[in-house]
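The lines below spell out each chain.
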Amino acid sequence: MQQASEGQEHETLAIALENVRFRWPGSPRDTLDIPHFSMSRGERVFVSGPSGCGKSTLLGLIAGILSPTSGQILVQGTDLDELGSAGRDRFRGEHIGFIFQQFNLVPYLSVVENVLIPCHFSPFRRKRAEKQGANLDEVAAMLLQRLDLEKTLWSKPVRTLSIGQQQRVACARALIGLPELIIADEPTSALDADRRVAFLHLLLEECTSQGTALLFVSHDELLAEAFPRMVRMQDINRASVEEG
Amino acid sequence: MGHFTYLWQLACKSAWNRRGTLLLIVLSIALSTTLLLGIEKLRAQVRDNFVQAVSGLDLVIGARGSSLQLVLYAVFHLGSATNNMGYDTAKALAQKPQVAFTIPISLGDTHRDFPVVATNAVFYEKFRYRHGLALRMAEGHAPEALFDVVLGAEVARSLGYQLGSKIVLSHGQSGNAQAEHSANPFTVSGLLAPTGTPVDRSLYISLEAMEAIHLNWQNGLHQDQPLVAENLTKLEPRAITALLVGLKKRSQVFALQREINEGPGEPLTAVLPGVAMNQIWEMVSVGEQALLVISALVTVVGLAGLAAAILAGLGERRRELAVLRSAGASPVDILWLMAMEGLLLVLSGTGLGLVVIYALLALCAPFLAEHYGVFLALTAPSSGEWLLLLAICLSGFCASLLPACKAYRMSLSDGLTVSV
């Protein structure tokens, strides 16, 4: 790793993008052109923007699913480009939790089993989770309780849960094993308006108490009030393209 | 390997979640397995039945000629008559010190296209088939009166004869009405139990009866007449078709064979029946291999169905796989998950097929033995059958790698979310 002076500067950051450009193969224009974007460790940032502004592409880059055409992306001080694709898979599993708009759960696993998936794929997350309680089941139970999911739901098939309940299970899964960063991509869009705020507060509370950085992406700027910092895609992205 | 245990659990739970669709795949693999194993077992059985049409016999002796033709005619009663051998020669051979017993047989007549075999009492006592089984009378007894006849199981079954039925033999191979021995009808005295050998398709009379019905046929003219008392003394045969020989010590067989084949006196051919019958089997086993090829093709179709069904199911699993990816599974994990599902399906399919084939065997074996003389033993799979099972499992696993690779590529391009 080439981590001289500039590397150390980024040690304190959860995410750092420098001169990142991304262009889909065959496309005539850049989808993303971000001269600079960063997030401190433990910071909670709201990213807003209409659909087609490159949000999904940005998340794909930070998650290491996509590689930038040029520029540098550091997550937790690690240059994703220097990890191979297998390395990026491992890094993602260890350090990033995800919550998507819907269909977050594996239908044939129980609530607790869904929460524990990351611990089975990442020994690193598992070790950290085991330090949070006596055993993994207990840690999952603790998280579910803190997210207001009653015990009677835990043994039910996940498809019988309401969408709000499913999103909270997804939250617990993203949080288990103390990842440093949670990426939430429109996690409230499928919820009723009155449930959105409640969900958001639960998520923010847990991120704060775990010291986890939260990158929250939504088109609904009403939710931004709860965040200390809000970023508009069009302010950081110099390329203005329509993209799905 | 805790990781693989977890993947295996995931694969099992996921498969159970889609058990409705997957059951069909398992059934088709089970069917292929049943068919392949069933044909393999039947094939081994038919071969055994064929090669073991006689057992415990060391030599088949007949007039000099082709050894295969001699065995075909003497054992399977197929083909045309070779020359006869003298009955005196046969009696002399029976006196040799190495010889334990001899069974003379005389062929030539038929009844409704079933061959008629003239022999003596030694046949009922000493004839063996299938690794040493003795003949058994289902009903009645060996011929006692001159015109008694004993029927093989299939003859009795297909022609509907019972004890006491009167039957007329025909001269030669065809059912020519001009050449019937209608003056001397035979009475059914015994019915043999099924053996699954040419015995089932034959009628057995005494050598003397054979002589008796041909007394007036010397000139080739049809002079079918009832036997008269003064002729009773002339009934010792002058010639027979072949002599089946059992030795006291098997080790002496080659010496005796050489002695007969090369010795002075009447020109004879002595054949080791086992060797000849294996040679004949090699000639007719082309059909057997075609059968195996067909069942192999059925298996290929079953496995192609496996791959196709898993591929078709990939669409609905896209989200599930993406969720696993976002929760830390690598594309290689997805590849493993799919491969394990294939293995699971193939293993349960072949397992079920194995259970079905043995259940079928247990159910049908008594029926087949009773009616067709086909003995299917409930033995553990032979090494050849294990190889077949292994081949099914391996090729099924390979077939499931195709959708696994597709899922791998899909999970690479889908990333963590599926836009549906």
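Residues numbered from 1 in each chain as written. Chains lettered and ligands numbered in written order. Predicted model: local features only at pLDDT ≥ 70, side-chain atom pairs only at ≥ 80, totals over all residues.

**Concerning the overall build of chain A**
Then, in step 1: Across its full length, chain A holds nine helices and nine strands.
Then, in step 2: Scaling as 2.2 N^0.38, a compact globule of 244 residues should have a C-alpha radius of gyration of about 18 Å, and chain A matches this with 18 Å.
Then, in step 3: The 244 residues of chain A split such that 44% are buried.
Then, in step 4: Nonlocal contacts in chain A, meaning residues at least 24 apart in sequence, comprise 76% of its contacts between residues at least 6 apart. (Helix = DSSP H or I, 4+ residues; strand = E, 2+ residues; numbered from the N terminus. Rg over C-alpha atoms; globule rule 2.2 N^0.38 Å. Buried ≥ 20, exposed ≤ 12 C-beta atoms within 10 Å, placed from the backbone. Contact = placed C-beta atoms within 7 Å.)

**Brief notes about the overall build of chain B**
Then, in step 1: Each helix and strand in chain B was counted, giving 12 helices and 15 strands.
Then, in step 2: In summary, chain B has a C-alpha radius of gyration of 31 Å against a globular reference of 22 Å for 420 residues, an excess of more than 25%.
Then, in step 3: Along the three orthogonal principal directions, the C-alpha set of chain B runs to about 105 × 45 × 30 Å.
Then, in step 4: Buried residues in chain B amount to 37% of all 420 residues.
Then, in step 5: Across chain B, the fraction of contacts at a sequence separation of at least 24, relative to all contacts at a separation of at least 6, is 79%.

**What about the interface of chain B and chain A?**
Then, in step 1: In this complex, chain B contributes 19 residues to the contact, which on the side of chain A involves 22 residues.
Then, in step 2: Secondary structure elements with two or more residues in the side of chain B that touches chain A: α1 (2-17) and α10 (286-326) of chain B.
Then, in step 3: Its residues assigned to classes, the side of chain B that touches chain A shows seven nonpolar, eight polar and four charged. (Nonpolar A, V, L, I, M, F, W, Y, C, P; charged D, E, K, R; others polar.)

**A short note on the domain arrangement of chain B**
All names here are of chain B.
Then, in step 1: Annotation of chain B at the domain level lists domain 1 (2-50 + 286-414) and domain 2 (54-280).
Then, in step 2: Contacts between domain 1 and domain 2 engage eight residues on the former and eight residues on the latter.
Then, in step 3: Secondary structure elements with two or more residues in the side of domain 1 that touches domain 2: α2 (19-51) and α11 (331-372).
Then, in step 4: Of the residues forming the side of domain 1 that touches domain 2, the biggest block, three residues, is contributed by α11.
Then, in step 5: Among the residues making up the side of domain 1 that touches domain 2, the classes are represented as four nonpolar, three polar and one charged. (Domains from an automatic or database assignment.)

**As for the nonpolar core**
Then, in step 1: Core analysis: the largest hydrophobic core is formed by 100 residues, its most contacted members being Ile62, Val115, Leu143, Ala172, Ile176, Ile183 and Leu215 of chain A.
Then, in step 2: Apart from residues lying up to four places away in sequence, alanine 172 of chain A is in contact with Val115, Ala140, Leu143, Leu144 and Leu147 of chain A.
Then, in step 3: Formed by 59 residues, the second largest nonpolar core is a distinct cluster that contains Ala153, Val188, Leu191 and Met210 of chain B. (Core = buried A, V, L, I, M, F, W, Y, C linked by C-beta atoms within 7 Å.)

**What about the sheet that holds strand β4 (residues 70-75) of chain A?**
Residue and element names in this part refer to chain A.
Then, in step 1: Within the open sheet, the four strands sit side by side as β2-β1-β4-β5. Their pairing is antiparallel. What marks the edges here is a single partner per strand, and that holds for β2 (32-40) and β5 (78-79).
Then, in step 2: Note: strand β1 (residues 13-22) against β2, eight bridges, orientation antiparallel. Residue pairing across strands places valine 20 opposite isoleucine 34, the latter belonging to β2.
Then, in step 3: Sheet strands in contact with helix α2 (residues 55-63) are β1, β2 and β4, and its direction is about 120 degrees off that of β1. (Pairing = 2+ DSSP bridges. Axes fitted to C-alpha atoms, helices over the stretch in contact; angles between N-to-C directions.)

**Some points on the confidence of the model for chain B**
Then, in step 1: For chain B, mean pLDDT is 86; residues scoring 70 or higher make up 93% of the total.
Then, in step 2: ipTM for the predicted complex: 0.87, alongside a pTM of 0.74. (pLDDT = per-residue confidence, 0-100.)

**Thoughts on helix α4 (residues 111-121) of chain A**
Then, in step 1: Most of α4 of chain A sits inside the fold, with 10 of its 11 residues counted as buried.
Then, in step 2: Those residues of α4 of chain A lying buried are Val111, Glu113, Asn114, Val115, Leu116, Ile117, Pro118, Cys119, His120 and Phe121 of chain A.

**Focus on the environment of glycine 164 of chain B**
Residue and element names in this part refer to chain B.
Then, in step 1: Note that glycine 164 resides in the loop between α6 (153-159) and β10 (166-167).
Then, in step 2: The exposure class of glycine 164 is exposed, given the 9 C-beta atoms found within 10 Å.
Then, in step 3: Note: C-alpha distance between glycine 164 and valine 149 (15 residues apart in sequence) is 9.6 Å.
Then, in step 4: Once residues lying within four places of it in the same chain are set aside, the contact partners of glycine 164 are Thr187 and Val188.

**Points about unusual backbone geometry**
All names here are of chain A.
Then, in step 1: Not every positive phi belongs to a glycine, and asparagine 19 is a case in point at roughly 50 degrees.
Then, in step 2: Assignment of secondary structure puts asparagine 19 in strand β1.
Then, in step 3: Of note in the backbone geometry, glutamate 186 takes a positive phi value of approximately 50 degrees without being a glycine.
Then, in step 4: Position of glutamate 186 among the secondary structure elements: in the loop between β7 (181-185) and α8 (193-210).

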